[in-house]
Each structure stands twice: as structure tokens, then as C-alpha cells.
Amino acid sequence: MSISELTTAELQSGLQAGTFSAVELTQSYLDAISRREESVGAFLTVCGESALSQAAAVDARRQSGEQLGTLAGIPVALKDNICTAGTKTTCASRMLENFVPPYDAHIVTRLKAADAVLVGKTNLDEYAMGSSTENSALGKTRNPWDLQRTPGGSSGGSAASVAARLTPLSVGSDTGGSIRQPASFCGVVGMKPTYGRVSRYGLVAFASSLDQIGPFATDVTGAASLLEVLAGHDERDSTSVNRPVPEYSRSVEQPLEGLRVGVVQEHFAEGIDEEVASSIRAAIEVYRSLGAEIVDVALPHSKYGVAVYYLIASSEASSNLARYDGVHYGHRASEFENMVDMYAASRAEGFGDEVKRRIMLGVYALSEGYSDQYYLKALKVRRLIRNDFDAAFKNVDVIAGPTCPTPAFKIGELVDDPLQMYLADVYTISANLAGIPGISVPAGFSPAGLPIGLQLLAAPFEEEKLLRAARMFERETDFHTKVPQF
Amino acid sequence: MLTREDVEKVAGLARLKLTEEEISEMADKLSQVISYVTVLDEVDVSNVEPMAHVADVANIFREDAVRESLPREAALDNAPKSDGKYFLVPQILENA
């Protein structure tokens, strides 16, 4: 078995035992990138040289007996909407194609302090708006399990890079399912933490009340180790919550006694593929066999999630993206008549179709005469969605269900039908609206060999419980050990 | 349903210069989404407070003290047009 097929924990013990050096480990992933990246297209930037020098520094410090960070020598890829000082951060947009941030995102500072090796920046739907990574203006990412299919999105590059074993860990952002859905499509673990658990400082804003940064890994323990580094208070993000970060990687192996698993019957109603439904039913049986109590729960307002989400997310996006004016950074048109025309022409040239649609929808939903009917109404239904979860978590520890209604769809299949594309996020969206944590873990394969993800949700700040529950399932199954061959 | 005039008005507010083709397509695709979100009409929200965000925090203040900020050069580095001191924009006032 090659180094690049080991789990994060195995890589950590190999490094500690001196079985291989951080340089050898990093080189083996860079070799995997040079062999397989051309088919996958997960990266927008590969930082080979700086990755090797970071790895060499880790090796030197280890040899001199220094205390190293928890991710010392472990490669991590970052979604390209996370600011890296001195390295381009494009959001997969023409608007920011040449943008080089003058500062690091908070989580980049945290990863450096943990001695992780930053291996590159991954592809995404432009400004994280999309569910297939097809909205990237800068490249096409393919699903390693079937190169004719999308990796999901918007963190499609981060998911595909881990699935193809081009890196053991990666970081994404999740506004309506953008970590969990591509994790499900690519057969890896992906987690959205509680809103406020991870600082958003340096994450290019899409919808500020919904955006949250989270980990991808090949297994639950890897995701726990990475979350432990990402999480924590940062005064530069005033929504980041000041409470201690548990040692997720330590507790993750402990099974939960008396686990109560909630199941929402509506999740298995119309719109779900039978192959997905049967894998998820089987996953719930795994919990039952481990002694968990299976409890029906109702989330009566979740069916409105997609509508609420597109109003709120687009409204916030229209405001956040107003900053791209061709003055301070980003693209400026070369021909225009006056100042206002310069704004409008620069934005028209810099933004792609989906970004324009979301800005337009948001401006419309917030405009005079419509904001009560659309935006305010959406905020009220949002509260009802949260109330449903609060009630449900009085009776259960986690809620289990499908991450997505279908396995990965084909490239081009939904690209002309935005509404159908939006509906692919039906199971993931309400977690963002409610601000609760969620994780997707590999839970099966369709007859065509495409991965299927199990989504687990928990109450706010119950990441520890969520990871332990996910690990209980993973330990009983081998789906996460399968590696795509291409 | 959104008309072409609606789309033109919104595009003006959004500072987006759309082509004729984009205006037609936008009217069509946005109308689909707007008609989908009318599903919210069936929810009774009387006596429900709007929820703008879920974080259990409000009014986070820091000390009003001078601290280091981004150096001017770094702040101007990504500017499409600058003279090294300022961001440069097209002339706004006539006869200025």
C-alpha cells in the first residue's frame, strides 16, 4: 500500500515512528497529484515547492527534538475561497482571478501553527454558489468515482482531492450543504460545524449568517483531528463563539452509550432514489444493532428550507458581493462611460451567470415593496425550522438520514436548470438555516458504483457527539476504505 | 412573474450591465425561482419573530485602541488602478 492510501492517524504515527519523513510523505502526495490531477482537476493552485519546504522544516524540527503541532507534516488542501497571504485566492471567479490576499484567514494561521503542510488551493463553484463545481470559471473538476460525473459542490475540489488521495485532508466551506453534499458524492467524510464554531475571518463571504468552514478527510478520525485545529474563538469574527474546543480526536473512538437516533420519515418520501433510501435504511439498522434506540422525529418546516435558503442566501450574497466594484481589488472593465458604468461593466465581466442570478434574486427580494413578502417572510420561516430542530433534539442525540437524494449526477445534467440544482440540497440546507452541525459519512455504493452518504445532524456545539456517533457507524462498515480506481 | 422591465430595474440596482440575451434569460430563470418560493405563502408566520442569524451573541465590542493595520502598500497591491498612495477612479465631478 502506498503512503497516500493511509489514514490521517496512520500518517501521524508513521511520521512519529520515523517510518517515513514529512518530505517523503509530502512528495508521495505530490507524485499522486502529478499522476492523477490531470483527470480529476481538483486544484486551482498546487504549492509543491512551498509544501516541500514546510515539510523539510517539520523534519528538521522533529530531529532536533522540538515539540510539534498536532498536524505536523500532514498535507492539507484549502478551498480557494480561503485567503492565503501571498498565494492567489480566486473564488474560481474571473473577478478575483489575480487576487493575492495580503493576509491569512484565521484557519490558515491555525493550520500553520499546527505545522500542517499546505499543499494547494482547490476548485469550487464561483463564490461557492452551486452544487456541482460546474460554476467554476477557472476549471472543471471531475468525480474520481466516475469522471463523467460532477464531484458535487460547491467544495467539489476539496472533496475530490481527498477522494482521489491527492491529499489526506482538505478544508471546505458549507453555506447550504457545500461540504456535506460533495463529501457524499465523492465517498469521503465531510463536516459542517455549528455556526460560530470556526472563525470565518478570511473566508470570502457568500452568505454571512450561513457560511461555516469545515473539514474533509478519508475517515471520521481524520475529520476530528482537523476540526480540532480549525475550531476556536477569534475576535476578528464577532460571530465566532468563545467556548472551549474539546479534543475531538481523542474522544472520537469512544462509542456513545444509550444513543438515540432520530429518523425523519419525510426524508424517504418523494424525490429520493431507491438505492440511496435502501443504503440509509441499512445504516439505521447498523445503529439499531449497536443498541441505539431509533426514534421517529418530525421536522415539519424543513420542506420549506430550499425556498427560505435561496431567499436568505441570495439576499446576503447581493449585499456581500456589492464590494466588488473594480476599485479596491478584483477585475475592472477597460471600457466604460462613467463611474457607475465602470461598476456595472466590471461586475458584468467579472461575475459568471449563477453569481449574477443570485445577486439579482437577492436584490429583488430586498427591494422596496418586496422585502416583507420575500426576505422577512423567509426569516420568520427560518425560525420555525430552527424550532423544529430544538424540539427534536429534546428526544434524540442525532438525526440520521440521506445527505443527498441521489448519487453524483452527470456533468452538464442540471446546468441549465438552476431550480433542479437547488433541490439537490434539500436535506443539507436546513442545518445551515438552524446553525447546527452536520456530517456526511460514506454509507454505501449504488449499483453503478457511485458513493452514497449518510448525514448525521446534532444540536448546536454537539460536534463531539456527532463525531463519536459517526465513528460508531464507520467502525462497523468498510465503505470509507474504498479508493476510486481511474 | 418578472418582466423585462423588472429585470432591468433590478440590474440597475445591482450594478450589473446585462446583455439583451441575459435580460430575457434572467426574466425566465428568476421567475421560476420566484414562483417556487411562493410555497412559503402556505406557512402561518403570525407571531413569529424573524431570525436574522442563529448565533447567540450580540453587540461584540472591542477596546477603542489604536492597533496595527494593513500597511498602505499591501492595501493598494490588488488595486486595478492606484498611484501608490490612493485608489484611482474615473472622474466623478464635472469641471473638477
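First, a word on scope: everything that follows refers to the structure included in this document. (Residues numbered from 1 in each chain as written. Chains lettered and ligands numbered in written order. Predicted model: local features only at pLDDT ≥ 70, side-chain atom pairs only at ≥ 80, totals over all residues. Heavy atoms only, no water.)

## Digging into the overall build of chain A
Regarding its fold elements, chain A presents 16 helices and eleven strands. In summary, chain A has a C-alpha radius of gyration of 21 Å against a globular reference of 23 Å for 486 residues, a match within 12%. C-alpha extents for chain A along the principal axes are approximately 65 × 50 × 45 Å. Across the 486 residues of chain A, 66% fall into the buried class. (Helix = DSSP H or I, 4+ residues; strand = E, 2+ residues; numbered from the N terminus. Rg over C-alpha atoms; globule rule 2.2 N^0.38 Å. Buried < 20%, exposed > 50% of the residue type's maximum accessible area, 1.4 Å probe, protein only.)

## Some words on the interface of chain B and chain A
Contacts between the two partners involve 49 residues from chain B and, on the opposite side, 63 residues from chain A. Across the chain B to chain A interface the summed buried area is about 5,100 Å²; carbon plus sulfur atoms make up 72%. The largest contributions to the chain B side of the interface with chain A come from B:L40, B:M51 and B:N78, which together make up 14% of the buried area. Where B:R67 meets A:E235, a salt bridge forms, and the shortest distance between an N and an O atom there is 3.4 Å. At the boundary of chain B and chain A, one finds 16 residue pairs in polar contact (both at pLDDT 80 or more). Of all the secondary-structure elements, those providing two or more residues to the side of chain B that touches chain A are α1 (4-13) and α2 (20-37) of chain B. Among the elements that take part in the side of chain B that touches chain A, α2(B) stands out by supplying ten residues, more than any other. (Contact = heavy atoms within 4.5 Å. Buried area = accessible area lost by both parts, 1.4 Å probe. Salt bridge = Lys/Arg side-chain N within 4 Å of Asp/Glu carboxyl O. Polar contact = N/O pair within 3.5 Å; in protein donor to acceptor, adjacent residues only side chain to side chain.)

## What to know about the nonpolar core
If you look at the biggest cluster of nonpolar residues, it comprises 93 residues, and the most contacted ones within it are A:I107, A:L111, A:V171, A:Y287, A:L454 and A:L456. Leave out the neighbours within four places in its chain, and A:L454 touches A:I280, A:A283, A:Y287, A:A400, A:G401, A:T403, A:I439, A:S440, A:V441, A:A443 and A:F473. (Core = buried A, V, L, I, M, F, W, Y, C linked by side-chain atoms within 4.5 Å.)

## Observations regarding the pattern of salt bridges
All names here are of chain A. Under the definition given, this model contains 26 salt bridges over all chains. A salt bridge links K121 to D80; the nearest nitrogen and oxygen atoms lie 3.0 Å apart. With K121 in strand β3 (residues 117-122) and D80 in the loop between β2 (75-79) and α4 (106-113), this pair connects stretches of sequence that are 41 residues apart. Residue class for K121 comes out buried when judged on its relative accessible area of 1%. Between D390 and R386 there is a salt bridge, and its shortest N-O distance comes to 3.0 Å. A residue pair is termed a helical-turn pair when its members lie 3 or 4 positions apart in one helix, as D390 and R386 do in helix α13 (residues 372-392) at four residues. Where salt bridges share partners, they join E253, R471, E474 and R475 into one cluster.

## Side note on the sheet that holds strand β1 (residues 43-46) of chain A
Residues and elements named next belong to chain A. An order of β1-β3-β2-β4-β6-β5-β10-β11-β9-β7-β8 is seen for the eleven strands of this open sheet, with the pairing classed as mixed. Only two strands of the sheet have a single neighbouring strand rather than two, namely β1 and β8 (293-296). Taken pair by pair, the neighbouring strands of this sheet meet at an average axis angle of 30°, ignoring direction. Packing of helix α2 (residues 22-40) onto the sheet brings it into contact with β1, β2 and β3, and relative to β1 it is tilted by some 135°. (Pairing = 2+ DSSP bridges. Axes fitted to C-alpha atoms, helices over the stretch in contact; angles between N-to-C directions.)

## Describing the packing of α4(A) against helix α7 (residues 220-230) of chain A
Residues and elements named next belong to chain A. The geometry of α4 relative to α7 is characterised by a closest axis approach of 8 Å and an angle of 115° between their N-to-C directions. Classified by the interaxial angle, the pair formed by α4 and α7 is roughly perpendicular. Two secondary-structure elements touch here, α4 through I107, R110 and L111 and α7 through L226, E228, V229 and L230. Split by residue class, the contact of α4 with α7 holds five nonpolar, no polar and two charged. (Parallel < 35°, antiparallel > 145°, perpendicular 65-115°, else oblique. Nonpolar A, V, L, I, M, F, W, Y, C, P; charged D, E, K, R; others polar.)

## Some words on the packing of α1(B) against α2(B)
All names here are of chain B. Across the interface, α1 lies against α2 with an axial gap of 9 Å and an inter-helix angle of 110°. Relative to α2, α1 is oriented roughly perpendicular. Where α1 approaches α2, its residues R4, V7 and E8 are matched on the opposing element by E20, I23, S24, M26 and A27.

## Notes on the packing of aromatic side chains
Using the criterion set out here, one finds 16 aromatic pairs over all chains in the structure. Here A:Y310 and A:Y422 contribute two aromatic rings whose centre-to-centre distance is 3.6 Å and whose plane-to-plane angle is 10°, an arrangement assigned as stacked. Of the two residues, A:Y310 sits in helix α10 (residues 305-320) while A:Y422 sits in helix α14 (residues 418-423), which places them 112 residues apart along the sequence. Relative accessible area serves as the criterion here: at 2%, A:Y310 is assigned to the buried category. Take A:Y422: its relative accessible area is 4%, and that puts it in the buried class. Every member of this aromatic cluster is reached through a ring pair, and the members are A:F99, A:Y127, A:Y324, A:Y329 and A:F351. Over the ring of A:F461 we find A:R243; its NZ or CZ atom is 4.2 Å from the centre of that ring. Over the ring of B:Y86 we find B:R72, and its NZ or CZ is 5.6 Å from the ring centre. (Phe/Tyr/Trp six-rings, centres within 6.5 Å; stacked < 30°, edge-to-face > 60°. Lys NZ or Arg CZ within 6 Å of the ring centre and 35° of its normal.)

## Some details on the pairing of β8(A)
Residues and elements named next belong to chain A. Looking at chain direction, strand β7 (residues 260-263) and β8 are connected through four bridges and run parallel. In the sheet register, G262 faces β8, and the bridge partner there is V295. Between β7 and its parallel partner β8, the chain crosses via helix α9 (residues 274-289), and the hand of that crossover is right-handed. (Right-handed = clockwise from strand over helix to strand, strands pointing away.)

## Description of α2(A)
Residues and elements named next belong to chain A. Its axis deflected by about 40° at S34, α2 carries its strongest bend there. Here α2 has its buried residues at A22, L25, T26, S28, Y29, L30, A32, I33, R36, E37 and V40. On the buried face of α2, the contacting elements are α1 (8-17), β1, α3 (48-63), β2, β3 and α5 (156-163). Directly beyond the C-terminal end of α2, a positive phi value near 70° is found at G41. (Bend = angle between axes of the 7 residues up to and from the residue.)

## Some details on the environment of A:A57
Counting through the fold element by element, A:A57 comes out in helix α3. When the C-alpha atoms of A:A57 and A:Y304 are compared, they prove to be 51 Å apart, with 247 residues separating the residues in sequence.

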